Amino acid sequence: MTDHLSDLDVAELFPRTPFSPDAPTPRISVLGTGYLGATHAVAMAQLGMEVVGVDTDPHKVAALAAGKVPFFEPGLDELLEEQLASGRLRFTTDVAEAVGWADVHFVCVGTPQTKTSHAADLRFVEAATTAIAENLTHDALIVGKSTVPVGTGARLRELVARTQPAGVRTELVWNPEFLREGKAVQDTLHPDRIVMGGTTPESEALLRRVYAGPIAEGSPVVVCDLPTAELVKVSANAFLATKISFINAIASVCEAADADVTVLADALGHDTRIGRQFLDAGLGFGGGCLPKDIRALMHRANELGAHQASSLLQQVDEINMGQRARVIELALDACEGSVLNRRVGVLGAAFKPHTDDVRDSPALNVAAALHLRGAQVTVYDPQAGDTARASFPTLGYATDVEEAVEGADVVLVLTEWDEFLDAEPARLASLTRRPHVIDARGRLDARRWTDAGWSFAGLGRTAA
Ligand code: UDX
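Being a predicted model, the structure only gives us computed values, none of them experimental.

Visitor: What exactly am I supposed to notice about the overall build of the protein here?
Guide: A tally of regular secondary structure across the protein gives 20 helices and 14 strands. At 25 Å, the protein has a C-alpha radius of gyration in line with the 23 Å of a compact globule built from 464 residues. Relative to its full complement of 464 residues, the protein shows a buried share of 52%. In the protein, once contacts between residues fewer than 6 apart in sequence are set aside, the share between residues at least 24 apart is 73%. Carbon and sulfur atoms make up 55% of the accessible area of the protein, which amounts to about 20400 Å² in all.

Next up, the structure:
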């Protein structure tokens, strides 16, 4: 017998618990370092916590550890470098070490659409949660951030209970993430709401410590049950998607009635109950979230017997996909019915500006469809050229706007980068074979382009 307890005895008698109000600042692990996880890890370090980012992909981990963000996200590179230098942030593939070290584990892995149905593929979420549970060495809070079908958290709780070592106390809660690509840093550091689902008073207090910075700034906190928190995220995305498909449906009425949907949207937007955001008619929504999230919700709503919600979202999806077909039609019209051997200049490949993400990009979808109809398509995007080429290597790629429109029979503006809105229409007209422009995002100044000699087509803007 010694008079003093060894460190090991202390750990055994008083297991480290982050749930106690006087526990030291919680250490954070973030599992999954894609758009969501990488940004979240950097933001947590920026908020003053010690953080480890974990990924199974050694290339991603090596890049992040070397201060390189493996995708384009404004402001993230600088913040990553700053936080690595602060010593608070590191990255690893060693999940056991990370879980043994940290107190709060954020699950930020992807939930893609399954190959065979509209359902979300939960394999990565299950694998990450299992890895956490298997490697726990002390009390911990597991926080789901990934977008999941309602009911997932309850299943994961059972999984954790089956897997975790005896004697360790865990809680699993849901804290959905609402970040937008292109504004990810701002959205993570200054969220417009913080949802905490399925918490006890202890885990709520711990999450409030983690988010003390944004809460002090005034970010509202919504505390709710687990299924409500899971549904908040998918419902938010479903609402945004519905708003876009609504204005696109109205755009077709505008076209038939010779009205201008852009002016109409401005007028609607002045009603504070409606708001102007997400009322830009055009090529519709794409990206890694909205399309798959509404499909997963459709699938889950049907499973739960909520068929009306599902059929509403089915309409939203159909209207959205119809916009792509409509732009292809406009391109065919501009080329007298066939694009075979015609040169098509495509401005934009990313699913929206300020990102290099081309996942389910409407722009690339249209470009590829015209290529399949025999057109010679040349694409230019200020950021997404490389990611686009990796997905669609058979399209032609230009290094600037002028190269993309050279000799074109028709030019399509498919992503609303400022560079395209600010372009000099007269100069571009002189480079084309025939100055036909299709403004698929409703953002060009129609008068400027027609004055410069272009024939102009848009969606829902015959009046323009
Ligand atoms: C979205 C949600 O906004 C975000 O809260 C969630 O966390 C993830 O999904 P993101 O995928 O980054 O974010 O894109 P978002 O800015 O929502 O745009 C989605 C798509 O809608 C884009 O293709 C965009 O071009 C399109 N869109 C947007 C329109 O067609 N019209 C609009 O008025 C607005």
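Visitor: Explain the site of the ligand to me, please; I cannot follow it from the model alone.
Guide: Phe178, Leu179, Glu181, Asp280 and Phe351 are the nearest of the 20 residues found near the ligand. At 2.8 Å from an oxygen atom of the ligand is found a main-chain nitrogen or oxygen belonging to leucine 179. For the ligand, whose free accessible area comes to 670 Å², the fraction covered by protein is 92%. Among the elements that line the shell around the ligand, the one with the most residues is helix α11 (residues 226-257), at 4 residues. Split into classes, the residues belonging to the shell around the ligand amount to 10 nonpolar, 3 polar and 7 charged.

Visitor: How should a negative patch on the surface be read in this particular structure?
Guide: On the surface, Asp400, Glu403, Glu406, Asp418, Glu419 and Asp422 cluster together into a patch of negative charge. Summarising the element assignment, aspartate 400 is placed in the loop between β11 (396-397) and α17 (401-405).

Visitor: Any chance you could explain the domain arrangement of the protein here in plain terms?
Guide: A common way to report how large an interface is uses the accessible area buried once the components associate. Segmentation of the protein into domains returns domain 1 (7-224) and domain 2 (238-458). A C-alpha centroid distance of 35 Å is found between domain 1 and domain 2. Taken together, the 18 residues of domain 1 in the interface contact 16 residues of domain 2. Overall, the association of domain 1 and domain 2 removes approximately 1400 Å² of surface from exposure, summing both partners, and the carbon and sulfur fraction of that is 53%.

Visitor: Hey, could you run me through the packing of aromatic side chains in this one?
Guide: In this description, an aromatic ring pair is defined by two values, namely the gap between the centres and the angle between the planes. All told, the structure shown has 3 aromatic pairs when counted by the stated rule. On the basis of an interplanar angle of 35° and a centroid distance of 4.2 Å, the ring pair of tyrosine 35 and phenylalanine 71 is categorised as tilted. Of this pair, tyrosine 35 sits in helix α2 (residues 35-46) while phenylalanine 71 sits in the loop between α3 (58-65) and α4 (76-86); the two residues are 36 residues apart in sequence, bridging distant segments of the chain. Taking relative accessible area as the criterion, phenylalanine 71 reaches 10% and is therefore assigned buried. Their ring planes at 70° and their centres at 6.1 Å tell us that tyrosine 380 and phenylalanine 420 sit as a pair that is edge-to-face. With tyrosine 380 in strand β10 (residues 376-380) and phenylalanine 420 in helix α18 (residues 418-421), this residue pair connects regions lying 40 residues apart in the sequence. The lysine or arginine in question, arginine 169, covers the ring of phenylalanine 19, its NZ or CZ lying 4.3 Å from the ring centre.

What counts as what
- Residues numbered from 1 in each chain as written.
- Predicted model: local features only at pLDDT ≥ 70, side-chain atom pairs only at ≥ 80, totals over all residues.
- Heavy atoms only, no water.
- Helix = DSSP H or I, 4+ residues; strand = E, 2+ residues; numbered from the N terminus.
- Rg over C-alpha atoms; globule rule 2.2 N^0.38 Å.
- Buried < 20%, exposed > 50% of the residue type's maximum accessible area, 1.4 Å probe, protein only.
- Contact = heavy atoms within 4.5 Å.
- Areas by Shrake-Rupley, 256 points an atom, 1.4 Å probe, with all protein chains shown as cover.
- Near = heavy atom within 4 Å.
- Polar contact = N/O pair within 3.5 Å; in protein donor to acceptor, adjacent residues only side chain to side chain.
- Nonpolar A, V, L, I, M, F, W, Y, C, P; charged D, E, K, R; others polar.
- Patch = residues over 30% accessible without salt bridge, like charges linked within 9 Å, V, L, I, M, F, W, Y side chains within 5 Å.
- Salt bridge = Lys/Arg side-chain N within 4 Å of Asp/Glu carboxyl O.
- Lys, Arg positive; Asp, Glu negative; His and termini not counted.
- Charge placed at Lys NZ, Arg CZ, Asp CG, Glu CD.
- Domains from an automatic or database assignment.
- Buried area = accessible area lost by both parts, 1.4 Å probe.
- Phe/Tyr/Trp six-rings, centres within 6.5 Å; stacked < 30°, edge-to-face > 60°.
- Lys NZ or Arg CZ within 6 Å of the ring centre and 35° of its normal.

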